[in-house]
Amino acid sequence: MNDLTKVFLIVIVLFLSIIFSGIYTNKVIADDSKVLEQHITVMQDHIKNNNWLGAENELICIKEYWSKKQSNWAILQNHIEIDNINSTLTKVTEYISTKVLSLALAESSLLMQYIQHIPKNSSFSIENIL
């Protein structure tokens, strides 16, 4: 095997490594966001039904899950988006603890939007490439 072939094989291996690591990263973020979306939906249902204890319990689950995943997301995503999620979680916590229905629903919807935006923003698509 000559030197040119070795270089070509190394380039192909590196290229495939980058592609597969990107695909894996997108899958991990998409799976994490789906779990968070499910918890947020349950929390919103509790808020709509004035079940504040259920909403608080679901919020605790969201915060615990997010605290485990946040550092991984911070490596892969823009820190402004992570900060948006953290500040919105803080607002939702206050609105649920004070039982302000309209603001709790509004902030939880905003939280859902932030969570849904990240996988869409980091996915391989024509929109993101151009």
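Residues numbered from 1 in each chain as written. Predicted model: local features only at pLDDT ≥ 70, side-chain atom pairs only at ≥ 80, totals over all residues. Heavy atoms only, no water.

Some thoughts on helix H1 (residues 3-48)
For clarity, the cut-off: A helix here means a DSSP run of H or I that spans at least four residues, while a strand means a run of E at least two residues long, and both kinds are numbered starting from the N terminus. A helix is expected to span 1.5 Å multiplied by its residue count minus one. Remark: exposure states derive from per-residue accessible area (1.4 Å probe, protein chains only) relative to the maximum for the residue type, with buried under 20%, exposed over 50%, and partly exposed in between. Polar contacts, as counted here, are pairs of nitrogen or oxygen atoms within 3.5 Å of one another; within protein the pair requires one atom able to donate a hydrogen and one able to accept it, and residues that are adjacent in sequence qualify only if both atoms are side-chain atoms.
The first and last C-alpha atoms of H1 sit 67 Å apart over 46 residues, in line with the 68 Å expected at 1.5 Å per residue. Buried residues of H1: Gly-22, Asn-26, Ile-29, Asp-32, Ser-33, Leu-36, Ile-40, Met-43, Gln-44 and Ile-47, and no others. For H1, the N-terminal cap is Asn-2; the gap from its side-chain oxygen to the backbone nitrogen of Leu-4 is 3.3 Å. Asn-50 lies just past H1 and shows a positive phi near 55°.

Digging into the packing of aromatic side chains
The geometry of an aromatic ring pair is captured by two quantities: the separation of the ring centres and the angle between the planes. Keep this limit in mind: Centres within 6.5 Å are what make two rings of Phe, Tyr or Trp a pair, Trp counting through its six-membered ring; a difference in plane orientation under 30 degrees is then read as stacked, over 60 as edge-to-face, and the rest as tilted.
Tallied over the full model, the rule gives 1 aromatic pair. Between the aromatic rings of Trp-66 and Trp-73, the centroid separation amounts to 5.3 Å while the plane-to-plane angle is 85°, which identifies the pairing as edge-to-face. The class for Trp-66 is buried, based on a relative accessible area of 3%. Judged by relative accessible area, Trp-73 falls into the buried class, the value being 1%.

Some words on unusual backbone geometry
A positive phi angle is found at Asn-50, which is not glycine, with a value near 55°. Relative to the helices and strands, Asn-50 resides in the loop between H1 and helix H2 (52-76). A positive phi angle, near 60°, is found at Lys-99, a position not held by glycine. As for its position among the elements, Lys-99 is in the loop between helix H3 (79-97) and helix H4 (101-122). Lys-99 gets classed as partly exposed once you look at its relative accessible area, which sits at 47%.

Brief notes about the nonpolar core
Just so we agree on the cut-off: Here, nonpolar core refers to any group of buried Ala, Val, Leu, Ile, Met, Phe, Trp, Tyr and Cys residues whose side-chain atoms link them within 4.5 Å. Note on contacts: a residue pair is in contact if any heavy atoms of the two residues lie within 4.5 Å.
Formed by 23 residues in total, the largest nonpolar core has its most connected members in Met-43, Ile-47, Ile-85 and Ile-96. Residue contributions to this core peak at 7 residues, all from H2. With near-sequence residues (within four places) excluded, Ile-96 lies in contact with Met-43, Ile-47, Trp-52, Ala-55, Glu-56, Leu-59 and Ala-104.

Some details on H3
Threshold: Note that the arc is defined by the directions from the helix axis to the C-beta atoms.
The terminal C-alpha atoms of H3, which comprises 19 residues, lie 27 Å apart, in line with the 27 Å expected from a rise of 1.5 Å per residue. For H3, the complete set of buried residues consists of Glu-81, Ile-82, Ile-85, Thr-88, Leu-89, Val-92, Thr-93 and Ile-96. All buried residues of H3 project into a common sector of 145° when viewed along the axis, lining one side. Remark: Lys-99 follows H3 within two positions and exhibits a positive phi of approximately 60°.

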